[in-house]
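Reading the structure
The residues making up each chain are set out below.
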Amino acid sequence: EGYTSFVLVELATGYTLFERISSEEIGQNLEDVQKSITDFSRFQKIIKLKSFAPFRSAAHALENAMDVSEGIMNAHLKAFLELNLAKAGKKQKVILGVGEATLGGAIKEGLGYDCQVNDVFRELIRGIRMHSEKLLSQLKEGDLSRAQLGLGHAYSRSKVKFNVNRVDNMIT
Amino acid sequence: GKAGAKGGAKVVIEPHRHQGVFIARGKEDMLCTKNLVPGESVYGEKRISVDNADGTKTEYRVWNPFRSKIAAGILGGLDNIHIVPGAKVLYLGAASGTSVSHVADIVGPTGLVYAVEFSHRPGRELINMAKKRTNVIPIIEDARHPHKYRMLVGMVDVIFADVAQPDQARIITMNAHLFLKNEGHIVISIKANCIDSTVEAPTVFAREVKKLQEDQVKPQEQLTLEPYERDHAIVVGQYRAPKKSKSA
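Report on the accompanying structure. (Residues numbered from 1 in each chain as written. Chains lettered and ligands numbered in written order. Predicted model: local features only at pLDDT ≥ 70, side-chain atom pairs only at ≥ 80, totals over all residues. Heavy atoms only, no water.)

Now for the sheet that holds strand β4 (residues 47-51) of chain B. Residue and element names in this part refer to chain B. As summarised here, the arrangement of the 5 strands in space is β1-β2-β3-β5-β4, forming an open sheet in which the pairing is antiparallel. Across the chains shown, the open sheet's two edge strands, defined by having one partner strand only, are β1 (12-15) and β4. Averaged over all adjacent pairs, the angle separating strand axes in this sheet is 40 degrees, with direction ignored. Across 4 bridges, β1 lies against strand β2 (residues 21-25) in antiparallel orientation. Directly across from Val12, in β2, lies its bridge partner Arg25. (Pairing = 2+ DSSP bridges. Helix = DSSP H or I, 4+ residues; strand = E, 2+ residues; numbered from the N terminus. Axes fitted to C-alpha atoms, helices over the stretch in contact; angles between N-to-C directions.)

Right, here's the structure in full:
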């Protein structure tokens with residue numbers, strides 16, 4: 001009690017924020033959550049969409065993908081979180097589950113939220129990724145993979161382009 | 001270039017036991033996949049055009065087991081490659097995309113291949129191949145850091161890996177934890193001397209299998225790739241396999 005917990009999931013189509021809700025049927029432990037993600041009707045009982053902010057354009061998506069990849073909370077992500085979460089330090093404490101620790105650290109530093117990376121949040125993120133098209137009514141089937149395709153090309157082109165002077169990126 | 005194996009050569013195409021894979025029966029049998037982009041080769045491979053009963057044509061591309069570990073695994077007799085029409089595949093170690101293009105043919109227009117390659121030179125070729133095969137999403141990024149490309153990838157049915165790195169088991173399971181569905185499969189190519197050149201290949205394979213087991217992958221098949229590759233094995237396993245009841 002005394003806190004609400006949310007999960008941030010970054011998709012090719014935009015940022016999504018989900019609220020974790022308690023359920024009598026599905027406990028809070030890892031194994032229960034793990035089992036629930038395969039079944040959408042069960043998963044729906046523990047997660048609720050708080051907000052979805054679609055990217056404005058392909059360029060906007062690329063800019064955000066590059067920042068997320070580097071663990072940077074840019075102005076757009078910061079505004080999205082501020083708009084949807086109560087200010088840190090208020091009575092009701094906010095716990096924010098994130099997929100990766102560097103970004104979590106940047107959010108904590110910038111906005112003060114208690115950002116957590118743990119097995120339960122990881123599992124919830126798997127579930128959200130798994131059922132994203134059903135959870136986000138704005139998305140039609142195929143929208144997400146089309147966005148991934150465009151973003152994958154843009155991201156990869158930019159990676160190759162910014163390295164023209166290097167002979168190769170050898171993995172050693 | 002012009003399609004090979006033409007000019008009156010009598011070739012009959014038969015479906016292979018694995019869905020989406022075919023065998024061209026001619027003077028010698030050849031493994032092939034149905035060309036997703038008819039009229040073009042990807043890396044100079046031969047193409048075979050077949051007249052259908054309704055007057056249309058279907059084109060196939062010959063798949064060389066000396067150039068692709070999946071093809072070698074199929075010819076070696078793998079029970080199940082799990083790469084089937086409609087499947088979503090995360091392909092780690094995509095290189096310039098020659099093998100990836102055949103995987104794209106197999107999964108077809110309803111499937112998807114997320115192709116990850118870190119080296120920029122082959123990466124450029126991969127991007128170019130993917131321009132024509134719109135079911136391939138190129139990802140020029142380090143497979144060791146799957147978080148970096150989490151915005152580009154959805155949940156997948158299969159992970160295929162040919163990364164030839166000493167820590168490849170870890171690379172694969174890290175990707176599985178993020179992107180592989182419960183009960184999904186991994187198919188990996190293991191090159192013994194890339195992992196440890198000081199011990200015998202079978203020892204290396206056994207150790208890698210053990211590492212996978214420790215990370216929720218249940219091994220199902222193991223096959224060496226002789227005569228196509230030396231000291232190589234393909235291992236197939238299931239991620240978060242359903243638990244059998246103990247009474248059984």
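On we go.
Residue and element names in this part refer to chain A. One open sheet accounts for 5 strands, arranged β3-β2-β1-β4-β5; its pairing is mixed. Single-partner strands in this sheet number two, and they are β3 (47-54) and β5 (114-116). Going from strand to strand, the sheet's axes swing by 25 degrees on average, the running direction of each strand aside. The sheet contact formed by strand β1 (residues 3-11) and strand β2 (residues 14-20) spans 6 bridges and is antiparallel. Pairing of Val9 across the sheet is with Thr16, part of β2.

Our next topic: helix α3 (residues 58-69) of chain A. Residues and elements named next belong to chain A. With 12 residues, α3 extends 16 Å from end C-alpha to end C-alpha; this agrees with the ideal 16 Å at 1.5 Å per step. Tucked into the core, α3 has its buried residues touching β1, β2, α4 (75-84) and α8 (143-161). Downstream of α3 by a residue or two, Gly71 has a phi angle that is positive, lying close to 75 degrees. (Expected span 1.5 Å × (residues − 1). Contact = heavy atoms within 4.5 Å.)

Across all of its chains, the model carries 3 cavities of 30 Å³ or more by this definition. If you add up the space inside the largest cavity, you get close to 120 Å³. Lining the largest cavity, in full, are Val9, Glu10, Gly99, Arg122, Ile125, Arg126 and Arg129 of chain A together with His147, Arg150, His177, Leu178 and Phe179 of chain B. At the level of elements, β1 and α6 (119-130) of chain A together with α4 (168-179) of chain B are the ones that each hand at least two residues to the lining of the largest cavity. Looking at which element gives the most residues to the lining of the largest cavity, the answer is α6 of chain A, with 4 residues. (1 Å grid on protein atoms, 1.4 Å probe; cavity = no way out; pocket = protein on both sides within 12 Å on 5 of 7 lines; lining within 4 Å. Points joined across faces, edges and corners; volume = space filled by probe spheres on them.)

Residue and element names in this part refer to chain A. Where α3 contacts α8, the axes come no closer than 10 Å and their chain directions differ by 65 degrees. Crossing of α3 against α8: the hand is right-handed. On α8, the residues touching Ala61, Leu62, Ala65, Met66 and Ser69 of α3 are Leu151, Ala154, Tyr155 and Ser158. Class assignment for the residues of the contact of α3 with α8 results in 7 nonpolar, 2 polar and no charged. (Left-handed = near helix turned anticlockwise from the far one by under 90°. Nonpolar A, V, L, I, M, F, W, Y, C, P; charged D, E, K, R; others polar.)

All chains considered together, the criterion is met by 6 aromatic pairs over all chains. Pairing Tyr149 of chain B with Phe179 of chain B gives two aromatic rings, centres 5.9 Å apart and planes at 20 degrees, and the pair type is stacked. Of the two residues, Tyr149 of chain B is situated in the loop between β8 (136-140) and β9 (156-161) and Phe179 of chain B in helix α4; the sequence distance between them amounts to 30 residues. No difference in accessibility class separates Tyr149 of chain B from Phe179 of chain B, as the two residues are buried. Taken together through their ring pairs, the aromatic side chains of Tyr15, Phe55 and Phe80 of chain A make up a single cluster. (Phe/Tyr/Trp six-rings, centres within 6.5 Å; stacked < 30°, edge-to-face > 60°. Buried < 20%, exposed > 50% of the residue type's maximum accessible area, 1.4 Å probe, protein only.)

Turning our eyes to something else, we now look at the interface of chain B and chain A. At the interface, 37 residues of chain B touch 36 residues of chain A. Summed over both sides, the interface between chain B and chain A buries roughly 3,300 Å², with carbon and sulfur atoms accounting for 55% of that surface. Interface area lost by chain B to chain A is led by His120, Arg150 and Met151 of chain B, which between them contribute 25%. Our count for the chain B to chain A interface comes out at 4 salt bridges. Glu123 of chain A is the partner of Arg240 of chain B in a salt bridge, and the nearest nitrogen-oxygen pair spans 2.7 Å. Taken together, the links from chain B to chain A amount to 17 residue pairs in polar contact (both at pLDDT 80 or more). (Buried area = accessible area lost by both parts, 1.4 Å probe. Salt bridge = Lys/Arg side-chain N within 4 Å of Asp/Glu carboxyl O. Polar contact = N/O pair within 3.5 Å; in protein donor to acceptor, adjacent residues only side chain to side chain.)

Right, let's talk about the pairing of β9 of chain B for a bit. All names here are of chain B. Of all 6 residues that make up β9, 5 are buried, and the element is covered over most of its length. Note that strand β6 (residues 88-92) and β9 share 4 bridges and pair parallel. Paired with Tyr91 across the bridge in β9 is Phe160. Pairing geometry for β9 and strand β10 (residues 180-191), over 5 bridges, is parallel. Bridged to Ala161 within β10 is Ile188. For the segment spanning β9, α4 and β10, crossover handedness is right-handed. (Right-handed = clockwise from strand over helix to strand, strands pointing away.)

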